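# A structural walkthrough
Here is what each chain is made of, one letter per residue.
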Amino acid sequence: DQQVKQNSPSLSVQEGRISILNCDYTNSMFDYFLWYKKYPAEGPTFLISISSIKDKNEDGRFTVFLNKSAKHLSLHIVPSQPGDSAVYFCAARRLNYGGSQGNLIFGKGTKLSVKP
Amino acid sequence: DAGITQSPRHKVTETGTPVTLRCHQTENHRYMYWYRQDPGHGLRLIHYSYGVKDTDKGEVSDGYSVSRSKTEDFLLTLESATSSQTSVYFCAISAVGRNTEAFFGQGTRLTVV
């Protein structure tokens, strides 16, 4: 039973345009959400995160939006660049009882291709 | 880059042989994780550790064991490798805190023939 879903396996975008990657989750106890980028033959690298008390977080060209009522988050990349071509993973975490951090649960990833 | 080193980076082994993958960190982070990445499955948690000698199972732990005798080292062992364990394995570390990200190593590509 997938708790974090990325329903689009791939996305193709023209350079300079906006890329929108989507992620849905089912567990209402998740309170911290992250996006990772992964190039071939490398480990995933942290990109941006958002706490459940916020609905938007921005870092340069990257913005993450969180819609808690819809259990949906999205990553916007503006403008998209060819170097952004990678697999993007959405991840979520909840606090355990007692306050210890839970484990990161990942989606299956979306492969973004940015064409020059 | 976070100080995480995985070894070996590549390994080919035969079915039925034991295999140990090593993760070494220099960040003194409390949490360490082993994930595997497979096409169509994303990243799945195998085992994790929340301190020295404190470990627990993830969602795909069958066939794997782990040990953490020092803060900096987290070992993943396949007691008797099977072809279904052919995968790319990633170690990750995380500090204590409510909103902390995990940092990943470069990965180990394991092929079981």
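So, a few notes on the structure that sits alongside this text. Keep in mind that what you see is a predicted model, and the values were worked out from it rather than measured.

A few words now on the overall build of chain A. Looking only at helices and strands, one finds zero helices and eleven strands in chain A. Walking chain A from its N terminus toward its C terminus, one meets helices and strands in the order β-β-β-β-β-β-β-β-β-β-β. For 116 residues, the compact-globule estimate of 2.2 N^0.38 gives 13 Å, and chain A sits close to it at 14 Å. Judged by the C-alpha coordinates and their principal axes, chain A covers about 50 × 30 × 20 Å. Pairs at least 24 residues apart make up 54% of the contacts formed inside chain A by residues separated by at least 6 positions. When the accessible area of chain A is evaluated, it comes to approximately 5600 Å², of which 49% is carbon and sulfur surface. Positive and negative side-chain charges of chain A, numbering 14 and 9 respectively, have mean locations separated by a distance of 4 Å.

All names here are of chain B. Take Q25: it is sitting in strand β3 (residues 19-25). Its relative accessible area of 2% is what places Q25 among the buried residues. Ignoring anything within four residues of it in the chain, the contact list for Q25 reads G3, I4, M32, R68, T71, E72 and I93. In this structure the side chain of Q25 is engaged in a polar contact, spanning 3.2 Å, whose partner is the backbone nitrogen of N28. A distance of 2.7 Å separates a polar atom in the side chain of Q25 from the backbone oxygen of H29.

About the cut-offs
Residues numbered from 1 in each chain as written. Chains lettered and ligands numbered in written order. Predicted model: local features only at pLDDT ≥ 70, side-chain atom pairs only at ≥ 80, totals over all residues. Heavy atoms only, no water. Helix = DSSP H or I, 4+ residues; strand = E, 2+ residues; numbered from the N terminus. Rg over C-alpha atoms; globule rule 2.2 N^0.38 Å. Contact = heavy atoms within 4.5 Å. Areas by Shrake-Rupley, 256 points an atom, 1.4 Å probe, with all protein chains shown as cover. Lys, Arg positive; Asp, Glu negative; His and termini not counted. Charge placed at Lys NZ, Arg CZ, Asp CG, Glu CD. Buried < 20%, exposed > 50% of the residue type's maximum accessible area, 1.4 Å probe, protein only. Polar contact = N/O pair within 3.5 Å; in protein donor to acceptor, adjacent residues only side chain to side chain.

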